[in-house]
Amino acid sequence: MNVLIIEDDKALARELGLYLHNERFHCDFARTGREASEKLFVNEYDFVLLDLGLPDQDGLQLLAEARKERNQQASIIILSARGTVDDRIKGLDLGADDYLAKPYSLLELVSRMQAIVRRKHGVTQDTLSFGPFVLNVSDRTLRHGEQEVPLTKKEFDLLHYLLLHRHKVLTRLQLSEHIWGSMISDSDDRDSNFIDVHVKNIRKKLAPYDPGDWIETVRGVGYRIKTGPDA
Amino acid sequence: MRLRQKLVLLTTLSKGLMAGVLLLALPWAIEVFALRHTEARLRGELVKVRQRIERVGVTSFLRGQEEDQRLHYDLLEDEFIDLRRGGQLHPISRDTIATLPRRQQGEMVDFRVLRASFVHDGQPYTLEIGKSMESVEDVYGLLRSFAAYALVFAVLSTLLIELGVINYLLRPVDQIVQRLRAVQGPTPPPLPALQTSTWDFRYLDDTIQQMLQKIRTVFEQEREFIANVSHELLTPISILQNRFENMLQAENLPEEAETQLVTSQKTLQRLTATLRTLLLISRIENAQFARPDRVDIRELLGEVVEELDYRLLDQHITLRQQLEGTPTMAPANRTLLFTLFYNLLSNAIKYNLPEDGRIALTGAPQADGAYILVIHNTGKPIPAEQLPHLFERFRRFDDGRVEGFGLGLAVVRSVAQFHFIRITAESDEHGTSFTLRLPPPVSLSE
């Protein structure tokens, strides 16, 4: 997958590129609006990651431009530190596929990119399973055999996120970013300790069905779904 | 007191004063005038009688009377002419005029009498012409009432005219106030120049326009500053956070390093949260949010409670909700209001009793259309001296068991101010209450 990273800050572009490279994306970089225009004119990309605060051009203008040329199919994600209220709305109105306010977690970015890919190619995996449990994404349920395990919206999202990134240890920060990332206020409750409460509740709900501890606590770091025999 | 009322009062008082003085002076003035008038007439008649005597002689006057006097009253006995021969021969005195009593059919009646002496054919004569004071007073009574009516009429009519003129002149004041009131938010569109020929109002209007322009500029600058700050501070934070994330990806990272990275990430997260919240407060105060929504508060509270339900369960807190009527906020920003109630409820959970705490949401509509909503939670009381500072930034009611950044209530306050919600806090041994007075909703179509 080809990604164009339009970002004027070198260090930030480097970190982003590094992470995406590890996730098997092929990255191209542009540091100015002009450079970006040229690259968009010549190459075809699957993803354009667009920083709105470019030195020579308003990113929103570039967005409109990108939509016209040969990169009509590209998915555009806005990454902005400006964070004005209008930016998100304007960006999405101009045809951006998603919007992340800086600082964001790279895991969240990649998750959203993967979600876009699944959506575009229609390869949504309807069910994810761990041990005897099956998580159905389309009707948002968790089942143990025929029985449904009642989960709250947040609990479902958390479990889903852990399952999407099985094999990986997810930090509380990455989890809280995913669960509460859309809230405009970082009130005190983005405090990642509240993730523990959610995990505790999920464990409590799973326990009557299966004695195994499916959510593994990685001390000091975070949580991971235990790889079941089916994974 | 309004300027208009003061001006009206002033002009009324000054006119009243003038009318009073005139009315007091009027009898005297009229009397003087009437007497002068009578005198002038008497003198005129005297001249006529003298001319006649010159022409036809005295004898025709005196004939048929007692030899040396002729007294003649007119029909109504208002006036008389008295011609006498003899009397004072020496010296020929000047004409005199005086008010004298005369016997008239057995009664004494006052007459204004002009007495003149003259010599005709070597004989001295005395001529008196009189006019009864009663008839004089009749005239001046008439004059007096006429003058009084005229005065009242003049006062009233000028007063009415002045009221109209004052109203007309002061109309720009209302216009200016209306225009200022219509200003919503810090960046109103430029106003058209005020239509008035009064220099002072144009001066006032110009000054207001300049002031509005200044405010606009300051807000623009602040907006730019906020955008710059967020960019300049959030970008390096971004770099660090992404770097930590990348480092954590590394295979076979020593456990020690891993823990330290996660701790650093947490510190960074705290910095991010603080910065974002400060920026949020600034943006609210900079009026960067719109108020496009009509919000059903009951529904919104339901969402907030659902969002926080897991923490209520976790801390075994009972929530009681008793809202009367349908509390509504309009115009409002739903997202901001969500944050407001989220922060308040989150605090109510956070500062509740460690075991079996209670939270009560109660509300009732008020007679004036407002709605009073109270969020009460059990828990340790907030010291009275801390209450006034509760909503300030970085002020935290610290009892050592709760972590927070001390910005939750500062956000609550700015959102409340943005929505004209009055919020107060009370605390006693039973717990803490936040009382919100939601203003009456305004229909969006208006």
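Everything that follows concerns the structure shown earlier in this document.
Residues numbered from 1 in each chain as written. Chains lettered and ligands numbered in written order. Predicted model: local features only at pLDDT ≥ 70, side-chain atom pairs only at ≥ 80, totals over all residues.

A. Highlighting unusual backbone geometry. The step from Lys102 of chain A to Pro103 of chain A runs through a cis peptide bond, and the omega angle for that step is -5°. Positionally, Pro103 of chain A belongs in the loop between β5 (98-101) and α5 (106-121). For the peptide bond that leads from Ala330 of chain B to Pro331 of chain B, omega is -5°, which places it in the cis range. Positionally, Pro331 of chain B belongs in strand β8 (residues 328-332). (Helix = DSSP H or I, 4+ residues; strand = E, 2+ residues; numbered from the N terminus.)

B. How the structure looks around the sheet that holds strand β9 (residues 147-149) of chain A. All names here are of chain A. Within the open sheet, the four strands sit side by side as β6-β7-β8-β9. Their pairing is antiparallel. Looking at strand neighbours, the two that pair on one side only are β6 (127-130) and β9, the edges of this open sheet. Direction aside, the axes of adjacent strands within the sheet are offset by 30° on average. As defined by bridge partners, strand β8 (residues 141-144) adjoins β9 across three bridges and the pair is classed as antiparallel. Looking at β9, one finds that Leu142 is bridged to Val149. Across the sheet, helix α6 (residues 153-164) is in contact with β6, β7 (133-136) and β8; its angle to β7 comes to roughly 105°. (Pairing = 2+ DSSP bridges. Axes fitted to C-alpha atoms, helices over the stretch in contact; angles between N-to-C directions. Contact = placed C-beta atoms within 7 Å.)

C. Main features of the nonpolar core. Among the nonpolar cores identified, the biggest contains 43 residues, and Leu337, Phe341 and Val412 of chain B are the most heavily contacted of them. Looking at which element gives the most residues to this core, the answer is helix α7 (residues 334-350) of chain B, with nine residues. Formed jointly, this core draws a minimum of three residues from each of two domains, domain 2 (199-285) and domain 3 (293-438) of chain B. Not counting residues within four places of it along the chain, the set of residues in contact with Phe341 of chain B comprises Leu300, Leu301 and Val304 of chain B. Judged by nonpolar contacts, the second largest core, of 35 residues, contains Ile6, Ala66 and Ile76 of chain A together with Ile239 of chain B. (Core = buried A, V, L, I, M, F, W, Y, C linked by C-beta atoms within 7 Å. Buried ≥ 20, exposed ≤ 12 C-beta atoms within 10 Å, placed from the backbone. Domains from an automatic or database assignment.)

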